[in-house]
Each structure stands twice: as structure tokens, then as C-alpha cells.
Amino acid sequence: MHDPGRDGGGREDGPAGPGEARSNDEELRGQPSGAADAADPGILDDIGRAGRAARHLFGAQLSLLIAELGLARSAISWILVAGLAATVAGVGLGLTVMALIGVLLASWLHSWPWALAVLGVLQLLFLGGMIMLFRRCMHWLTLPDSRNAWRETIRQAMRRSEREAPAEPAAKREEGI
């Protein structure tokens with residue numbers, strides 16, 4: 001019986017002895033045999049298939065990247081549109097609430113001029129409170145720990161931009177001289 005898948009060169013008997021193993025090694029090293037010749041085209045086919053598979057994989061990855069960039073580009077446009085719409089809706093809501101407060105004040109005070117004056121004072125108080133909050137936040141940014149954290153953030157951003165930025169063409173020309 002012949003079993004080509006068995007180690008030992010396809011023989012029926014047991015494993016090869018030391019002398020026989022040497023002759024197999026000699027066959028594989030310098031002298032071509034039928035098994036070694038048959039293995040070469042299979043390896044080349046495998047390499048070719050691996051290359052085609054890699055090209056197909058990278059082509060698919062490139063297609064996905066292009067699709068993702070297209071989605072990101074349209075997402076940015078939609079984000080801008082949504083931000084604008086949210087701003088318009090927020091302003092509209094603010095105006096509506098102010099109008100309702102004005103109507104309630106007018107019905108409570110029985111006078112439109114007084115209602116508008118009270119509404120103006122309320123808006124002035126709100127604006128003053130927001131200015132004070134803004135100044136407090138700016139003060140927090142000027143505290144020593146905040147300044148150090150801000151300075152370190154700026155330094156990191158500068159280092160990152162220097163690493164990512166390509167060398168200037170003038171610098172390349174000077175190096176070439």
C-alpha cells in the first residue's frame with residue numbers, strides 16, 4: 001500500500017533510519033526530485049493567490065475609506081445645518097418666552113408700558129448675571145494651575161503640529177546646497 005501523505009517518502013514501512021534521512025536531505029538540497037518540483041508551482045500559486053487576496057483586501061479597505069470620508073463630508077454639512085437650525089430655534093424660543101412673559105406682565109400690571117419696562121429690567125439683570133459668570137470663568141482661567149494646564153496644552157499642540165507638518169520647501173533647498 002502506498003500512502004503519499006505519510007512522512008518517510010511514501011514508503012509503507014516505519015520511519016527512515018539515519019542513513020535514509022541523509023539521502024532525503026541530499027535530494028531536497030541539491031538534486032531535484034519529483035516531489036520538490038511539484039511543490040514549487042504550488043508555492044508560486046499560493047503566493048499569487050495571497051497577493052491577489054491582499055490586493056482585494058486593500059482595495060476593499062480603500063473603498064470603505066472613501067465611503068467613510070464621503071459620509072464624514074456630508075455629516076459635517078448636516079452638523080452645520082443642524083447647528084444653524086438649533087440656533088434659530090433657540091432664538092425663536094427665547095423670543096416666544098419673552099413675549100409670553102410680557103403678555104403675563106401686561107395682564108398682571110394692566111399696563112403694556114409697565115410690562116415692557118419690567119421685562120427690560122429682567123433682561124438687564126439676566127445680561128448682568130451672564131457677564132459676571134463670564135468674568136468669573138475668565139478669572140478661573142487665570143489662576144496658576146489653570147495657566148499651567150493651558151500652557152501645557154498649547155505646548156502639546158505645538159509639538160504635535162511640528163511632528164505632523166512636512167518640512168518647508170525652503171528648508172529642503174538649503175539642505176540640498
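Please refer to the structure placed before this passage.
Structure report, in brief.

Criteria and thresholds
- Residues numbered from 1 in each chain as written.
- Predicted model: local features only at pLDDT ≥ 70, side-chain atom pairs only at ≥ 80, totals over all residues.
- Heavy atoms only, no water.
- Helix = DSSP H or I, 4+ residues; strand = E, 2+ residues; numbered from the N terminus.
- Buried < 20%, exposed > 50% of the residue type's maximum accessible area, 1.4 Å probe, protein only.
- Areas by Shrake-Rupley, 256 points an atom, 1.4 Å probe, with all protein chains shown as cover.
- Salt bridge = Lys/Arg side-chain N within 4 Å of Asp/Glu carboxyl O.

### Details of the overall build of the protein
Counting its secondary structure elements, the protein contains five helices and zero strands. Helices (α) and strands (β) of the protein occur, in sequence order from the N terminus, as α-α-α-α-α. With 177 residues in all, the protein has 5% of them scored as buried. Carbon and sulfur atoms form 68% of the exposed surface of the protein, whose accessible area is close to 15300 Å².

### Quick word on unusual backbone geometry
For H110, which is not a glycine, the phi torsion comes out positive at approximately 60°. A residue is classified by how much of its surface remains accessible, and H110, at 71% relative accessible area, is exposed.

### Topic: the pattern of salt bridges
Opposite charge on two side chains allows them to pair when their charged atoms are near. Under the defined criterion, the tally for this structure stands at two salt bridges. Among the salt bridges present, the one from D46 reaches R49, with a minimum N-O distance of 2.5 Å. One end of the pair, D46, and the other, R49, are both in helix 2 (residues 34-109), three residues apart, so they sit about a helical turn from each other. A residue is classified by how much of its surface remains accessible, and R49, at 48% relative accessible area, is partly exposed. Between R159 and E152 there is a salt bridge; the shortest N-O distance is 3.8 Å. For E152, a relative accessible area of 31% gives the class partly exposed.

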